[in-house]
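# Report on the structure
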Amino acid sequence: MSVAINDRRRSLPAVGIAYRAAVDGWIRAHLDNFDVLEITVDDCIRGDKERRSAIFDLIGRIPLTAHGVGLSIGTDVPLDIAYLDQIAEVVERLGAPAFSEHLAFTGVPGRDIANLLPLPRTTAVAETIIEKVRVVQSHLNVPFLLENIAYFFEWPDSEMSEAEFLNMICSETGAQLLLDIENLHLNALNHGIDPNEFLAIFPSGVVQEVHLAGGATLYPSNSRPFVADTHSHPVPDAALDLLQEALRHHQPAAIIIERDERFDAFFEILDDMARIRSRLADSALRASP
Amino acid sequence: MNGDLLDRQTRLLTYLTSVSAIFDGPGDIRLDDALRGIDPRLLHLQASISHQKRVKKISVIFPRTTALLTDRVAETLRDFADVCPSMPAGFIENGRQFCDFLSLRRQAGTLRPPYLHEVAACELAMAQARAFVADEKAETSAKSLSNSKRRAPGVVLLRCVYDIQPIMENAQNAEVVERDTPLAIVRPIGAEHAAIFELAPAVFNLLASLTDWAPVAPSFAMLASRALTHDLVECGLMEVRR
């Protein structure tokens, strides 16, 4: 059974964080601060016994949504059906209202870089992804959401923008969008794309969930500085501005803060929560007649 | 699917996991034709960041091993990246690759200190024991034999040529002696970390043979006194069905 995750705050999106076992105690101690937790299904499938138990113990205590990192939907080989079945089982057990994965690939048979890599954005590649999205959807009893990634490089033969590519796949399959605003913000900084143009491509309502995070700047010796998706710092104000822009067209059910480093700075996460809620309230005020 | 995309993806992964992409940067490297048009500096950045993430996973599993490598860590990890390209993303799989790499170096006689691969194997075993999840479906369907015993699932057996236990107890400067040391690594129920037990060689061999539920064999009955069986069960090394 799916749980409506934005009930707590009525018409406003639920705000929460991505569950990480490393800060399980802290999350439990602050559960009242969150409307929702995002669970990485791979932790339930491949995680150790303790991690699985800790996650499943949260069922019924707080609404949960489901996210994946291991599908590599963009690798040009058939999907791993056994893995899909495991995902479906976990999603059902969590009572998650949706399952999300990245529009990317991480490896090929025999090699896996454990990093999200972009695809050539061509019609032919979109068609192969569309077929796979349909396979994923046929295995799930909940909506499937695709997430935009942050990327360092692009394939030279791409025929369309990332937003056009995503939108083509979503509109053909009925898949919805997990809009990673931090990734959009980073791509804007690193590649000069216009984030507002990106947002304007998608029809109203397609964004079901949102990711926010804070990255770090890298200074490669032979290249200009790059901002990387490190999930290590507070959500930047520019990303919150983009969130407000997105909220003009979409009413996501959940907004999730991703944090994978500098866990000692707990106060930053709570501060991010407060800043997001303040922006949500502001957007709601502006939208009211 | 079309073979062309997979071929390009494979060539990209081959490049990104190569030592030249990770460490040397674009320089004068001639990119594979399939990657022409991609900024080589950005590929180097991608390769370098991905490698750093992999190294981070290794340092989590192998803190003692990497400490023993001292100033040779960077060189060793470079060689590791060269010999063992990044495989499926799991922590344990990645750790096993590193362990196998050190064993190869041991065989080639280039490992210092010579017990380093055994420390690595023990650290990997601790990670495996910690990550072990019983296959509940298999457990349910397993044949239930009365008066039978088996090695507890999740136990990792490791026979070392050196007594590396002082190292595992975080005594980095302890003297490590060459001595046959049969070890069993398991995460006791309710414990946060895996525990290491040194076994008598005969007990080690018996546990090694008890891969599945089996009636108590006469040889076992002779050796495994009630007290020994009790101790093995208490330590989480053996399961018994009466």
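The sections below set out a description of the structure shown in this document. (Residues numbered from 1 in each chain as written. Chains lettered and ligands numbered in written order. Predicted model: local features only at pLDDT ≥ 70, side-chain atom pairs only at ≥ 80, totals over all residues. Heavy atoms only, no water.)

Once that is clear, we can look at the environment of B:Ala129. Residue and element names in this part refer to chain B. Mapped onto the fold, Ala 129 is located in helix α7 (residues 116-131). For Ala 129 and Asp 231, which are 102 residues apart along the polypeptide, the C-alpha to C-alpha distance reads 19 Å. Excluding residues within four positions of it along the chain, Ala 129 makes contact with Gly 154, Ile 185, Val 186, Arg 187 and Ala 194. (Helix = DSSP H or I, 4+ residues; strand = E, 2+ residues; numbered from the N terminus. Contact = heavy atoms within 4.5 Å.)

For the rest of this paragraph, the subject is the pattern of salt bridges. Should their charged atoms come close, side chains of opposite charge can pair. On inspection of all chains with the given rule, the structure shows 30 salt bridges over all chains. The shortest N-O distance in the salt bridge between B:Asp33 and B:Arg36 comes to 3.5 Å. Note on B:Asp33: relative accessible area 53%, which makes it exposed. The exposure class of B:Arg36 is partly exposed, given its relative accessible area of 42%. B:Asp39 is the partner of B:Arg41 in a salt bridge, and the nearest nitrogen-oxygen pair spans 2.9 Å. Assessed through its relative accessible area of 38%, B:Arg41 is described here as partly exposed. One continuous salt-bridge network, built from bridges that share partners, spans A:Asp24, A:Arg28, A:Asp57 and A:Arg61. (Salt bridge = Lys/Arg side-chain N within 4 Å of Asp/Glu carboxyl O. Buried < 20%, exposed > 50% of the residue type's maximum accessible area, 1.4 Å probe, protein only.)

A separate point is the side chain of A:Glu258. Residues and elements named next belong to chain A. Within the fold, Glu 258 resides in the loop between β12 (254-257) and α10 (266-287). Buried and unpaired, Glu 258 has Arg 20 as its nearest opposite-charge partner, separated by 4.4 Å. A polar contact is formed between the side chain of Glu 258 and the side chain of His 211, at a distance of 3.3 Å. For Glu 258, the residues in contact, after removing those within four places along its chain, are Ala 18, Arg 20, Glu 38, Asp 180, His 211, Leu 212, Ala 213 and His 231. (Lys, Arg positive; Asp, Glu negative; His and termini not counted. Polar contact = N/O pair within 3.5 Å; in protein donor to acceptor, adjacent residues only side chain to side chain.)

Residues and elements named next belong to chain B. With antiparallel pairing, three strands are arranged side by side in an open sheet as β5-β1-β6. Two strands lie at the open edges of the sheet, namely β5 (214-215) and β6 (238-241), each paired on one side alone. Pairing of strand β1 (residues 148-151) with β6 involves four bridges; the strand directions are antiparallel. Counterpart to Lys 149 in the pairing with β6 is Val 240. Across the sheet, helix α12 (residues 226-234) is in contact with β1 and β6; its angle to β6 comes to roughly 115°. (Pairing = 2+ DSSP bridges. Axes fitted to C-alpha atoms, helices over the stretch in contact; angles between N-to-C directions.)

Of the residues lining the interface, 39 residues belong to chain A; the matching set on chain B comes to 41 residues. Summed over both partners, the interface of chain A with chain B buries about 3600 Å², with 63% contributed by carbon and sulfur atoms. With a shortest N-O distance of 3.1 Å, B:Arg187 and A:Glu50 are connected by a salt bridge. Summed over the shared surface of chain A and chain B, the result is nine residue pairs in polar contact (both at pLDDT 80 or more). Of all the secondary structure elements, the ones that give two or more residues to the side of chain A that touches chain B are α3 (49-56), β5 (105-108), β6 (111-117) and α5 (123-139) of chain A. Broken down by element, the residue count for the side of chain A that touches chain B peaks at six residues, all from β6(A). Looking at the side of chain A that touches chain B, its residues break down into 18 nonpolar, 10 polar and 11 charged. (Buried area = accessible area lost by both parts, 1.4 Å probe. Nonpolar A, V, L, I, M, F, W, Y, C, P; charged D, E, K, R; others polar.)

A few words now on the nonpolar core. The biggest cluster of nonpolar side chains holds 101 residues, and the ones touching the most others in it are A:Leu179 and A:Leu212. With seven residues, helix α4 (residues 81-94) of chain A is the single largest residue contributor to this core. In this structure A:Leu179 touches A:Asn148, A:Leu184, A:Phe198, A:Leu199, A:Val207, A:Glu209, A:Val210, A:His211 and A:Ala246, once residues within four positions along its chain are discounted. Ranked by size, the runner-up nonpolar core spans 36 residues in total, among them B:Ile92, B:Ala120, B:Tyr162 and B:Ile167. (Core = buried A, V, L, I, M, F, W, Y, C linked by side-chain atoms within 4.5 Å.)

As a further point, take the sheet that holds strand β9 (residues 207-212) of chain A. Residues and elements named next belong to chain A. As summarised here, the arrangement of the eight strands in space is β1-β2-β3-β4-β7-β8-β9-β12, forming a closed barrel in which the pairing is parallel. Each adjacent strand pair in this sheet contributes to an overall mean axis angle of 30°, direction not counted. Here strand β1 (residues 14-18) runs beside β12; their pairing, made up of four bridges, is parallel. Bridging across to β12, Ile 17 finds its partner in Ile 257.

As a further point, take the packing of aromatic side chains. Considering all chains together, one arrives at 11 aromatic pairs over all chains under this definition. When the centroid spacing of 6.0 Å and the interplanar angle of 15° are considered together, the rings of A:Phe99 and A:Phe144 count as stacked. Of this pair, A:Phe99 sits in strand β4 (residues 99-102) while A:Phe144 sits in strand β7 (residues 144-147); the two residues are 45 residues apart in sequence, bridging distant segments of the chain. The residues A:Phe99 and A:Phe144 share a single accessibility class, namely buried. Within the aromatic cluster, the residues linked to one another by ring pairs are B:Phe62, B:Phe80, B:Phe98 and B:Phe101. Sitting over the ring of A:Phe56, A:Arg93 keeps its end group 3.6 Å from the ring centre. (Phe/Tyr/Trp six-rings, centres within 6.5 Å; stacked < 30°, edge-to-face > 60°. Lys NZ or Arg CZ within 6 Å of the ring centre and 35° of its normal.)

Attention now moves to the packing of helix α3 (residues 40-61) of chain B against helix α6 (residues 91-107) of chain B. Residue and element names in this part refer to chain B. α6 packs onto α3 with a crossing angle of 80° between their chain directions and a minimal axis gap of 10 Å. Considering the angle they form, α3 stands roughly perpendicular to α6. Of the residues in α6, those touching α3 at Arg 54, Lys 57, Ile 58, Val 60 and Ile 61 are Phe 91, Asn 94, Gly 95, Gln 97 and Phe 98. Across the contact of α3 with α6, the residue classes break down as five nonpolar, three polar and two charged. (Parallel < 35°, antiparallel > 145°, perpendicular 65-115°, else oblique.)

Before going further, it helps to spend a moment on helix α9 (residues 237-247) of chain A. Residue and element names in this part refer to chain A. Burial analysis of α9 places eight of its 11 residues in the buried class, which makes it a mostly covered element. Buried residues of α9: Ala 239, Leu 240, Leu 242, Leu 243, Gln 244, Glu 245, Ala 246 and Leu 247, and no others. Against the buried residues of α9 lie β8 (176-180), α7 (181-191), α8 (195-201), β9, β12 and α10.

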